[in-house]
Amino acid sequence: MTTAIPAVQGARARARAEVRSAILSTASAHVAADGAASLSLRAVARDLGMASSAVYRYFASRDELLTALIIEAYDSLGAHTEAAAAASTDRPPMHRWVTVAMAIRSWAVARPHDFALLYGTPVPGYAAPDDTVAPGIRVSLALISIVADAAGGAGLNEPTDLVISDDTADSLHALSRVVTLPDIGDTTMLAIVLAWTQLFGLLTFELFGQTKNFVGDDELLFRDAATNMARRIGLADH
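Residues numbered from 1 in each chain as written. Predicted model: local features only at pLDDT ≥ 70, side-chain atom pairs only at ≥ 80, totals over all residues. Heavy atoms only, no water.

**Quick word on the overall build of the protein chain**
Phase 1: From N to C terminus, the protein chain includes 11 helices and zero strands.
Phase 2: Ordered by position from N to C terminus, the α and β elements of the protein chain give α-α-α-α-α-α-α-α-α-α-α.
Phase 3: Expressed as lengths along the three principal axes of its C-alpha atoms, the size of the protein chain is roughly 65 × 55 × 35 Å.
Phase 4: Within the protein chain, buried positions represent 40% of all 238 residues.
Phase 5: Partitioning the contacts of the protein chain with sequence separation of at least 6, the portion at a separation of at least 24 is 75%.
Phase 6: As displayed, the protein chain offers around 12,800 Å² of accessible surface, 53% of which is attributable to carbon and sulfur atoms.
Phase 7: Put simply, the protein chain has 18 plus and 26 minus side-chain charges, and the middle of one group is 11 Å from the middle of the other. (Helix = DSSP H or I, 4+ residues; strand = E, 2+ residues; numbered from the N terminus. Buried < 20%, exposed > 50% of the residue type's maximum accessible area, 1.4 Å probe, protein only. Contact = heavy atoms within 4.5 Å. Areas by Shrake-Rupley, 256 points an atom, 1.4 Å probe, with all protein chains shown as cover. Lys, Arg positive; Asp, Glu negative; His and termini not counted. Charge placed at Lys NZ, Arg CZ, Asp CG, Glu CD.)

See the structure below:
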């Protein structure tokens, strides 16, 4: 009798996890089809054959469900990026950066609706809570880690063609309030931020159709751009 209670509790936990997963999967399909702004708990419940009140026991509001989707997408992209960074540690810093950049692109191309959820038009009336911060910076930290590794192994030359004000330098290091940043120079940090925004800007243009009839090979353009990002940061190619 004493062993039955944990077994029942375990079964309930598994059942709850399965239902939660089904809600998230169905909600993700709705976002892919109709956009995040149109997400409705009632519509999700209807597709699952559940009462709306039952869905609200898992997610108290549309915004809470949306937050869960955002965290799930950030974690997926973060894990994909971190794996690429970890698998390329034996390669020169420049090649590591390009490899990781291409991994980010492969994730975005495979999951364009998730990319749009994270980096597309903000959902009216929705404000992302602090819960999204840690998952959201995983991809950035993976990119920064490549530069930090290069700096530690003499594979980094700090940019000499960039100028940064003291106020901008202070603002770029605001991330240190959230995580421990490596000891790299201010102009290097600026170069990383410029590269990071260019990387995601290129993806946004590609996935939202802005390069259509202008760029013949988006993948090749992205690879060349990532290579030039690495050079601008000062990452060695040997």
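**Notes on the layout of surface pockets**
Phase 1: Within this model, the largest pocket holds a volume of roughly 400 Å³.
Phase 2: Taken together, 21 residues form the lining of the largest pocket, with Ala36, Ala116, Leu117, Thr121 and Val123 sitting closest to its centre.
Phase 3: With five residues, the top contributor of residues to the lining of the largest pocket is helix H6 (residues 112-119).
Phase 4: Here the residues of the lining of the largest pocket sort into 16 nonpolar, five polar and no charged. (1 Å grid on protein atoms, 1.4 Å probe; cavity = no way out; pocket = protein on both sides within 12 Å on 5 of 7 lines; lining within 4 Å. Points joined across faces, edges and corners; volume = space filled by probe spheres on them. Nonpolar A, V, L, I, M, F, W, Y, C, P; charged D, E, K, R; others polar.)

**What about the confidence of the model for the protein chain?**
Phase 1: Residues of the protein chain with pLDDT of at least 70 account for 93%, and the chain-wide mean is 91.
Phase 2: The element-level mean pLDDT for the protein chain is lowest in helix H1 (residues 4-34), coming to 86, with helix H5 (residues 93-110) highest at 98. (pLDDT = per-residue confidence, 0-100.)

**Focus: the packing of H5 against H6**
Phase 1: Where H5 contacts H6, the two axes come as close as 5 Å, and the packing angle between them is 105°. Judged on the interaxial angle alone, H6 and H5 are roughly perpendicular. Where H5 approaches H6, its residues Trp107, Ala108, Val109 and Ala110 are matched on the opposing element by Pro112, Asp114, Phe115 and Leu118.
Phase 2: Residue classes in the contact of H5 with H6 are distributed as seven nonpolar, no polar and one charged. (Axes fitted to C-alpha atoms, helices over the stretch in contact; angles between N-to-C directions. Parallel < 35°, antiparallel > 145°, perpendicular 65-115°, else oblique.)

**A word on empty space enclosed by the protein**
Phase 1: Scanning the entire structure with this criterion turns up one cavity of 30 Å³ or more.
Phase 2: Computed from the structure, the largest cavity encloses a volume of approximately 30 Å³.
Phase 3: Sorting the residues of the lining of the largest cavity by element identifies helix H10 (186-207) and helix H11 (218-233) as the ones contributing at least two each.
Phase 4: Per-element accounting of the lining of the largest cavity gives the leading share, three residues, to H11.
Phase 5: Here the lining of the largest cavity is composed, by residue class, of three nonpolar, no polar and two charged.

**Observations regarding a negative patch on the surface**
Phase 1: A cluster of acidic residues, Glu158, Asp166, Asp167, Asp170 and Asp186, forms a negative patch at the surface.
Phase 2: If one sorts the elements of the negative patch by residue count, helix H9 (residues 166-172) sits on top with three residues.
Phase 3: One can find aspartate 167 in helix H9. (Patch = residues over 30% accessible without salt bridge, like charges linked within 9 Å, V, L, I, M, F, W, Y side chains within 5 Å. Salt bridge = Lys/Arg side-chain N within 4 Å of Asp/Glu carboxyl O.)

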